[in-house]
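Single-letter residue listing:
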Amino acid sequence: MAFQILLNVFLGFMWMFLTGSYEPVAFLKGYLFGLLIIFTFRRFFDSRFYLLRVVAVINLLFIFIKELILANIGVLKVLLKPKLDMRPGIFAYPTVLKEDWEIMVLSNLITLTPGTLVVDVSPDNKILYIHAIDIDDAKETIDSIKNTFEKAIMEVSR
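This is a predicted model, so every value here is computed, not measured. (Residues numbered from 1 in each chain as written. Predicted model: local features only at pLDDT ≥ 70, side-chain atom pairs only at ≥ 80, totals over all residues. Heavy atoms only, no water.)

(A) Expanded view of unusual backbone geometry. Despite not being glycine, N125 has its phi angle at roughly 60°, a positive value. Topologically, N125 is positioned in the loop between β2 (116-121) and β3 (127-132). (Helix = DSSP H or I, 4+ residues; strand = E, 2+ residues; numbered from the N terminus.)

Below is the structure:
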């Protein structure tokens, strides 16, 4: 991915130098033409087209913002009730992520979401132990994390 980005920037500068125009618009034109060239020759690269990964990162960011807002509303509902009838608990979350950085990103996204906290990771990196402030159904929470954060992280990394 890094090679494709550097190649695209290089093509943008080459376009600037070949046209003799040193304005940002010329670089942008060259960058877009470079994007088209890299997309055309994408089968010659080891990794997938880098713009797809950039879109996946942006998608992960939007998913996190959505989940952050929903979790804030959920925690606010629990805290504003006259009687605190929350059911805190710790549950085991089995993950299919393999790389350390993927597990770290998932753990950070879960911890940054209000009402949840990753307490521990198993030694084999296959199970995350998560504390939730109000847990109705552990299976539902596991499915929610699997369908949002884990799925988006897999789109970024694979």
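(B) The sheet that holds β3, seen in detail. Taken in spatial order, the three strands of this open sheet run β1-β3-β2, and their pairing is antiparallel. Each of the sheet's edge strands pairs with one partner strand only, and the pair in question is β1 (89-94) and β2. Taking the axes of each pair of neighbouring strands and ignoring which way they run, one obtains an average angle of 30° across the sheet. With six bridges joining them, β1 and β3 adopt antiparallel strand pairing. (Pairing = 2+ DSSP bridges. Axes fitted to C-alpha atoms, helices over the stretch in contact; angles between N-to-C directions.)

(C) Main features of the environment of L51. Along the chain, L51 turns up in helix α3 (residues 50-80). Taking the C-alpha atoms as reference, L51 lies 8.9 Å from I5; in sequence the two are 46 residues apart.

(D) Region of interest: the pattern of salt bridges. As enumerated under the stated definition, the model contains seven salt bridges in all. E67 is paired through a salt bridge with K66; the nearest N and O atoms lie 3.9 Å apart. Across the pair R87 and D136 runs a salt bridge whose closest N-O atoms are separated by 2.0 Å. Placement of R87 in the loop between α3 and β1 and of D136 in the loop between β3 and α5 (138-157) is noted, with a sequence separation of 49 residues between them. A single salt-bridge network, built from bridges that share partners, covers R87, D134 and D136. (Salt bridge = Lys/Arg side-chain N within 4 Å of Asp/Glu carboxyl O.)

(E) Spotlight on the packing of aromatic side chains. One pass over the structure, following the stated rule, counts nine aromatic pairs. Judged by centre distance (6.0 Å) and plane angle (55°), the rings of F3 and F45 are tilted. Of this pair, F3 sits in helix α1 (residues 2-19) while F45 sits in the loop between α2 (24-40) and α3; the two residues are 42 residues apart in sequence, bridging distant segments of the chain. Look at F3 and you get exposed, because its relative accessible area is 54%. Measuring from ring centre to ring centre gives 4.9 Å for F13 and F27, while their planes differ by 45°; the resulting arrangement is tilted. Here the residue F13 occupies a position in helix α1, and F27 occupies one in helix α2, the gap between them amounting to 14 residues. Here the aromatic residues F13, F27 and Y31 are joined through ring pairs into a cluster of three or more. The cationic tip of R42 hangs over the ring face of F39; the distance from NZ or CZ to the ring centre is 4.1 Å. (Phe/Tyr/Trp six-rings, centres within 6.5 Å; stacked < 30°, edge-to-face > 60°. Buried < 20%, exposed > 50% of the residue type's maximum accessible area, 1.4 Å probe, protein only. Lys NZ or Arg CZ within 6 Å of the ring centre and 35° of its normal.)

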